There are 2 protein chains.
Amino acid sequence: MRQFLVIGHDVPTEPSFSLDDIAGGAGRLDVLCRCVNAAFFLSHDIRENVRVHLVLADEYTVRFEGASLRRLNPDERSTAALIREALEQREEAIGHQPVETSPGVSLYRIGFEATLSAASRGSTVVQLHEDGEPLVDAELPDEPLFVLSDHHDFTDAERERLDDAADRRVRVGPKRLHADHTITVTHNYLDTGGFTTY
Amino acid sequence: MRQFLVIGHDVPTEPSFSLDDIAGGAGRLDVLCRCVNAAFFLSHDIRENVRVHLVLADEYTVRFEGASLRRLNPDERSTAALIREALEQREEAIGHQPVETSPGVSLYRIGFEATLSAASRGSTVVQLHEDGEPLVDAELPDEPLFVLSDHHDFTDAERERLDDAADRRVRVGPKRLHADHTITVTHNYLDTGGFTTY
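All of these numbers come straight from a predicted model, not from anything done at the bench. (Residues numbered from 1 in each chain as written. Chains lettered and ligands numbered in written order. Predicted model: local features only at pLDDT ≥ 70, side-chain atom pairs only at ≥ 80, totals over all residues. Heavy atoms only, no water.)

Attention shifts here to the state of the cysteines. All names here are of chain A. Overall, the coordinates contain zero disulfides over all chains when judged by the stated rule. Note on Cys33: no disulfide assigned, nearest cysteine sulfur contributed by Cys35 at a separation of 9.1 Å. Judged by relative accessible area, which is 1%, Cys35 ranks as buried. (Disulfide = S-S within 2.5 Å. Buried < 20%, exposed > 50% of the residue type's maximum accessible area, 1.4 Å probe, protein only.)

Glancing now at the packing of aromatic side chains. All names here are of chain A. Under the counting rule described, the total for this entry stands at four aromatic pairs over all chains. Taking 6.5 Å as the distance between ring centres and 45 degrees as the angle between the ring planes, the aromatic pair formed by Phe40 and Phe64 counts as tilted. Remark: Phe64 occurs in strand S5 (residues 60-65) and Phe40 occurs in helix H1 (residues 29-40); sequence separation between them is 24 residues. Phe40 gets classed as buried once you look at its relative accessible area, which sits at 0%. On the basis of relative accessibility, which here comes to 0%, the residue Phe64 falls in the buried class. (Phe/Tyr/Trp six-rings, centres within 6.5 Å; stacked < 30°, edge-to-face > 60°. Helix = DSSP H or I, 4+ residues; strand = E, 2+ residues; numbered from the N terminus.)

Attention now goes to the relation of the copies chain A and chain B. For the pair chain A and chain B, the superposition axis carries a translation of 0.0 Å, the fit reaches an RMSD of 0.0 Å, and the rotation angle comes to 180 degrees. Such a turn and shift between the copies fits a two-fold axis. When each C-alpha of chain A is compared by its distance to the rotation axis, A:Val185 comes out closest, at 2.9 Å. Counting the interface residues of chain A, we find that 100% of their copies in chain B are interface residues as well, pointing to one common contact surface. (Least-squares fit on C-alpha atoms with pLDDT ≥ 70 in both. Contact = heavy atoms within 4.5 Å.)

This part is about the sheet that holds strand S10 (residues 168-171) of chain B. Residue and element names in this part refer to chain B. The strand order S6-S7-S5-S4-S1-S9-S8-S10 describes an open sheet built from eight strands, whose pairing is mixed. Single-partner strands in this sheet number two, and they are strand S6 (99-102) and S10. Here the strands of the sheet are splayed against their neighbours by 30 degrees on average, with no regard to which way each runs. For strand S8 (residues 124-134) and S10, the ladder comprises five bridges, and the chain directions are parallel. In the sheet register, Glu133 faces S10, and the bridge partner there is Val170. Helix-sheet contacts for helix H4 (residues 156-165) involve strand S1 (2-8), S8, strand S9 (144-149) and S10, and the interaxial angle to S8 is about 115 degrees. (Pairing = 2+ DSSP bridges. Axes fitted to C-alpha atoms, helices over the stretch in contact; angles between N-to-C directions.)

So, on to a negative patch on the surface. Residue and element names in this part refer to chain A. A cluster of acidic residues, Glu14, Asp58, Glu59, Glu91 and Glu92, forms a negative patch at the surface. Looking at the secondary structure, you find Glu14 in the loop between strand S1 (2-8) and H1. Here Glu14 falls in the partly exposed class, since its relative accessible area comes to 45%. (Patch = residues over 30% accessible without salt bridge, like charges linked within 9 Å, V, L, I, M, F, W, Y side chains within 5 Å. Areas by Shrake-Rupley, 256 points an atom, 1.4 Å probe, with all protein chains shown as cover. Salt bridge = Lys/Arg side-chain N within 4 Å of Asp/Glu carboxyl O. Lys, Arg positive; Asp, Glu negative; His and termini not counted. Charge placed at Lys NZ, Arg CZ, Asp CG, Glu CD.)

What follows concerns the sheet that holds strand S9 (residues 144-149) of chain A. Residue and element names in this part refer to chain A. With mixed pairing, the eight strands of this open sheet are ordered in space as S6-S7-S5-S4-S1-S9-S8-S10. Looking at which strands have only one partner, the edges of the open sheet turn out to be strand S6 (99-102) and strand S10 (168-171). Neighbouring strand axes in the sheet, compared pairwise and without regard to direction, differ in orientation by 30 degrees on average. As paired elements, S5 and strand S7 (residues 105-108) share four bridges and run antiparallel to each other. In the strand pairing of S7, Val62 is matched with Leu107. Helix H3 (residues 112-119) contacts S1, strand S4 (50-56), S5, strand S8 (124-134) and S9 of the sheet and is inclined by roughly 175 degrees relative to S1.

A few words on the side chain of A:Thr61. Residue and element names in this part refer to chain A. The residue Thr61 is located in strand S5 in this model. Of the polar contacts made by the side chain of Thr61, one reaches the backbone oxygen of Ile110; its length is 2.9 Å. Thr61 has contacts with His53, Leu54, Val55, Ser106, Leu107, Tyr108, Ile110, Gly111 and Thr115, leaving out every residue within four places of it along the chain. (Polar contact = N/O pair within 3.5 Å; in protein donor to acceptor, adjacent residues only side chain to side chain.)

To continue, consider the interface of chain A and chain B. Counting residues at the interface gives 37 residues for chain A, matched by 37 residues for chain B. Applying the counting criterion to the chain A and chain B interface returns two salt bridges. With a closest N to O distance of 3.6 Å, B:Asp20 and A:Arg77 form a salt bridge. Seen at the junction of chain A and chain B, the total is 15 residue pairs in polar contact (both at pLDDT 80 or more). Elements that contribute at least two residues to the side of chain A that touches chain B include exactly H1, strand S2 (41-42), helix H2 (76-88) and helix H5 (179-191) of chain A. Considering each element in turn, the side of chain A that touches chain B owes the most residues, five residues, to H5(A). When grouped by side-chain class, the residues that make up the side of chain A that touches chain B number 14 nonpolar, eleven polar and twelve charged. (Nonpolar A, V, L, I, M, F, W, Y, C, P; charged D, E, K, R; others polar.)

No statement about biological role is implied by the geometric values presented.
Written out as structure tokens, the structure is:
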């Protein structure tokens, strides 16, 4: 299982945003939508062995489960609609009890710390960050939980929490990439057995 | 200069499509928009040394020039708006004479074959396709022109034309990827000097 946890700092926690303005009024929700795309899509196929956690403004987490996803499409707008649909049912998510809002999509009323705790059980936390060691030199674990930030850097509190939890910090190249591009490169690294044989 | 030529088979050639339905009514224009994103964006930066040619239904080509791009944003909707804006001025593109419709964005009234011909001058054509040799084994040229197809495979005619023009056919992994993910991996391969040192 490959897991990706992406922190969205400015995204909405209420479903009142417009799908016509996800890159503006919805606090760069487009960034998170592209991360979902990068995490799950193969050409005419879905990566079933993937789980994605989108942390929304440290208040909610939307979890996408590859094995049971049914209504995911590659475009940003329809993914934003799934997230909005999840937020519409936020009153039903109580404590750590999630609500499944679409096949394979669940809303949790938990923020970054609780999501990281729950997701990292049985997994090894890998921080994807431009200060890390090069991906080609990193030996990635079998059950990785990759943690990324959106268009903002991690906050000090997130960084502290991650320093405690993460076994390693890895960067995917000499250039700073968008979060979704980082996910694509990471998948490719794992698919190819470390960019070696395939 | 890294160039990417992406063939859009079903996309509109008139500007009457809705920005609310680019993944449906606009013939999967979302695929091409994501390719533009993958080709140009770094975190808080643009790759200036990149040129992208989007072939629209073998009738028009929209060219994006990294060095002079000014109004490009990462989200699909705003890129689709730039393409629609280009098509709004299609009457002004005559023969091989383009019209610049936004800083760094030009519309040409030429299809795949003429675009390939013009773009490949001084460049080496590399077909990105799942039947190719692995990227890690390929020695990529200094001035590559990568040619990809959208969510459809190349047509027989395109394939024939490419077999004549392409010096090599390369695949980026053991799994079939979306066109935009392929661009991301290719950039990373070149950025890292063949996934080696960085």
